[in-house]
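Each chain, written out:
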Amino acid sequence: MTAGLDRAVEQLQERLGGAPAEIGVVLGSGLGGLVDELEHPASIAFGELPGWPLPGVLGHQGAFVSGRFAGRQVLVQCGRYHLYEGFSAAAVVRPVRLMARLGLRAILFTNAAGAINRRLEPGCLMLVSDQINLTARNGLVGPAEMGEVRFPDMSAPGDPGLAEAARRTAREHGIRLEEGIYAGVAGPSYETKAEIRMLERMGADAVGMSTVLEVIAARALGMRCLAISTITNLAAGLGSGRLSHREVLETGARARGALLPILAGVITAA
Ligand code: HPA
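Residues numbered from 1 in each chain as written. Predicted model: local features only at pLDDT ≥ 70, side-chain atom pairs only at ≥ 80, totals over all residues. Heavy atoms only, no water.

**Overview of unusual backbone geometry**
Leave glycine aside and you will find that most residues have negative phi; peptide bonds, for their part, are mostly trans. Selection rule: Numbered from the N terminus, helices here are DSSP runs of H or I no shorter than four residues, and strands are runs of E no shorter than two.
With omega at 0 degrees, the peptide bond leading from Gly187 into Pro188 counts as cis. Tracing the backbone through its elements, the reader meets Pro188 in the loop between β7 (177-184) and α4 (193-202). Of note, Ala136 is a non-glycine position whose phi angle comes to about 60 degrees, a positive value. Looking at where Ala136 falls in the secondary structure, it is placed in the loop between β6 (125-133) and α3 (160-173).

**Here we look at the pattern of salt bridges**
Our working rule: A side-chain nitrogen of Lys or Arg and a carboxyl oxygen of Asp or Glu constitute a salt bridge if their distance falls within 4 Å. Remark: exposure states derive from per-residue accessible area (1.4 Å probe, protein chains only) relative to the maximum for the residue type, with buried under 20%, exposed over 50%, and partly exposed in between.
Applying the stated criterion across every chain yields a total of 14 salt bridges. We note a salt bridge from Arg97 to Glu148, for which the minimum N-O separation is 2.6 Å. Taken as a pair, Arg97 in helix α2 (residues 89-101) and Glu148 in the loop between β6 and α3 lie far apart in primary sequence, 51 residues in all. Linking Glu178 and Arg176 is a salt bridge whose minimum nitrogen-to-oxygen distance equals 3.0 Å. On the basis of relative accessible area, Glu178 is assigned to the buried category, the value being 16%.

**A few points about the environment of Glu145**
With respect to the helices and strands, Glu145 occurs in the loop between β6 and α3. A C-alpha to C-alpha distance of 37 Å links Glu145 and Arg246, two positions 101 residues apart in sequence.

**As for the packing of aromatic side chains**
Our working rule: Note on aromatic pairs: the rings of Phe, Tyr and Trp (six-membered ring only in Trp) are paired at centre separations within 6.5 Å, and the planes decide the class, stacked below 30 degrees, edge-to-face beyond 60, tilted for the rest.
On inspection of all chains with the given rule, the structure shows six aromatic pairs. Measuring from centroid to centroid gives 5.0 Å for Phe46 and Phe64, while their planes differ by 50 degrees, and the two rings are tilted. Of this pair, Phe46 sits in the loop between β2 (39-45) and β3 (63-69) while Phe64 is found in strand β3, placing the two residues 18 residues apart along the sequence. Like Phe46, the residue Phe64 is buried in the burial classification. Connected via pairs of aromatic rings, a cluster forms that spans Phe46, Trp52, Phe64, Tyr81 and Phe87.

**Digging into the site of the ligand**
Our working definition: Residues are labelled near a given molecule or strand when at least one of their non-hydrogen atoms is within 4 Å of it. In the analysis that follows, any N or O atom pair within 3.5 Å is treated as a polar contact, provided that within protein one partner can donate a hydrogen and the other can accept it, and provided that, for residues neighboring in sequence, both atoms belong to side chains. Gly is placed with the polar residues, together with every amino acid not listed as nonpolar (Ala, Val, Leu, Ile, Met, Phe, Trp, Tyr, Cys and Pro) or charged (Asp, Glu, Lys and Arg).
Around the ligand sit Ala112, Ala113, Gly114, Tyr190, Glu191, Val207, Gly208, Met209, Thr232, Asn233, Leu243 and Val248, and those are all the residues in its vicinity. Here a nitrogen atom of the ligand and a backbone polar atom of Ala112 are 3.4 Å apart. Backbone polar atom of Gly114 to a nitrogen atom of the ligand: 3.3 Å apart, as the coordinates give it. Looking at the shell around the ligand, the elements that each hand over two or more residues are β5 (106-115), β8 (206-208) and β9 (224-234). Element by element, the count of residues in the shell around the ligand is highest for β5, at three residues. Partitioned by chemical class, the residues of the shell around the ligand number seven nonpolar, four polar and one charged.

**Considerations on a nonpolar patch on the surface**
Rules: Patch members must show over 30% relative accessible area and no salt bridge, and they are joined within 9 Å when carrying like charges or within 5 Å when they are nonpolar side chains of Val, Leu, Ile, Met, Phe, Trp or Tyr. In these tables, accessible area is a Shrake-Rupley quantity obtained with a 1.4 Å probe, and a residue counts as shielded only by the protein chains included in the view.
Together, Leu134, Met198 and Met202 make up a nonpolar patch on the protein surface, roughly 250 Å² of accessible area in all. Examined against the element boundaries, Met202 turns out to sit in helix α4.

**Looking at α2**
Selection criterion: A helix's residues, less one, multiplied by 1.5 Å, set its expected span. Bend at a given residue is defined as the angle between two axes, one fitted to the seven residues that end at that position and one fitted to the seven that begin there.
Here α2 contains 13 residues, and its C-alpha end-to-end distance of 18 Å stays within 8% of the 18 Å for a straight helix at 1.5 Å per residue. Bending of α2 peaks at approximately 35 degrees at the position of Pro95. The element α2 is largely enclosed, with a buried count of eleven among its 13 residues. Along α2, the residues that are buried comprise Ala89, Ala91, Val92, Val93, Arg94, Pro95, Val96, Arg97, Leu98, Met99 and Ala100. One or two positions beyond α2, positive phi appears at Gly103, with a value near 95 degrees.

**Focus: the packing of α2 against helix α5 (residues 212-220)**
Here is the rule we go by: All axes are obtained by fitting lines to C-alpha atoms, using only the stretch in contact for helices, and the reported angles, taken between N-to-C directions, cover 0 to 180 degrees. Reported orientations rely on four angle classes, namely roughly parallel under 35 degrees, roughly antiparallel over 145, roughly perpendicular from 65 to 115, and oblique for the rest. Should the near helix be turned counterclockwise from the far one by less than a right angle, the crossing is left-handed, whereas a clockwise turn marks it as right-handed. Contacts are assigned to residue pairs that have any heavy atoms within 4.5 Å of one another.
Running from N to C, α2 and α5 point in directions that differ by 55 degrees, and their axes come no closer than 9 Å. Between α2 and α5, the angle falls in the class oblique. Here the hand of the crossing between α2 and α5 comes out right-handed. On α5, the residues that touch Ala89, Val92, Val93 and Val96 of α2 are Leu213, Glu214, Ala217 and Ala218. Of the residues that constitute the contact of α2 with α5, the class distribution is seven nonpolar, no polar and one charged.

**Quick look at α5**
Across the nine residues that make up α5, a large majority, eight, are buried. Within the sequence span of α5, burial applies to Val212, Leu213, Glu214, Val215, Ile216, Ala217, Ala218 and Ala220. One or two steps after α5, the chain reaches Gly222, where phi turns positive at roughly 75 degrees.

All we've got here are geometric facts, nothing functional implied.
Set out below in structure tokens:
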């Protein structure tokens, strides 16, 4: 893994050039809008990095794009590897390890999630205050990578300073920013109504199919993290209709206008 990561780092630096990135941003389903706002963008597809497969879900591009945003040099990861595509937990966290190797000290994760808590509505944003890893996997299994803590503390996955910057920005822009606990599941099927009742009793406010393993890896590497969910649908049994990936993408795209200023505020403060 280490030699492979070193080669990927070299290739990325060669292709993207420019000033070293300070902050990483991982964009989830239908949330790709940030790349259009980057100044002096340069990009490389995951598939161009040695040994990196192309992720394959509609709405996920699979590329790193560097550029300037909100006065900082950022590295945006458009799309991610998911367990439900058949990728290993180690493959899911490889981009996080790459970002750490590039020297990034903070990473913002975005994702799409279904609302469990009745307070949450499709189109609103949720600052992830804590997470529950229900994937039964962990990307750190295996030899610890350079710079990684073997048994990372997970009692505070989100960085308090970044969370406060998100709250402040939301207040300043009049954007609704809820807070809650994100349960990460493996997917790809959406949950049954019984599973949603179970998740609710566990204390989850929203559910999605990503992010939890990446946050664990980032914490093991000592990176400051913040995750923000776009609530794209009511979880199974809480709305009237059936769940569809198209609905998730469409609602995600609609929430983009609220997500961008929050990301800008957090990036400026990071
Ligand atoms: N369940 C799981 N993952 C999701 C959902 C959901 O309802 N919405 C968006 N991602």
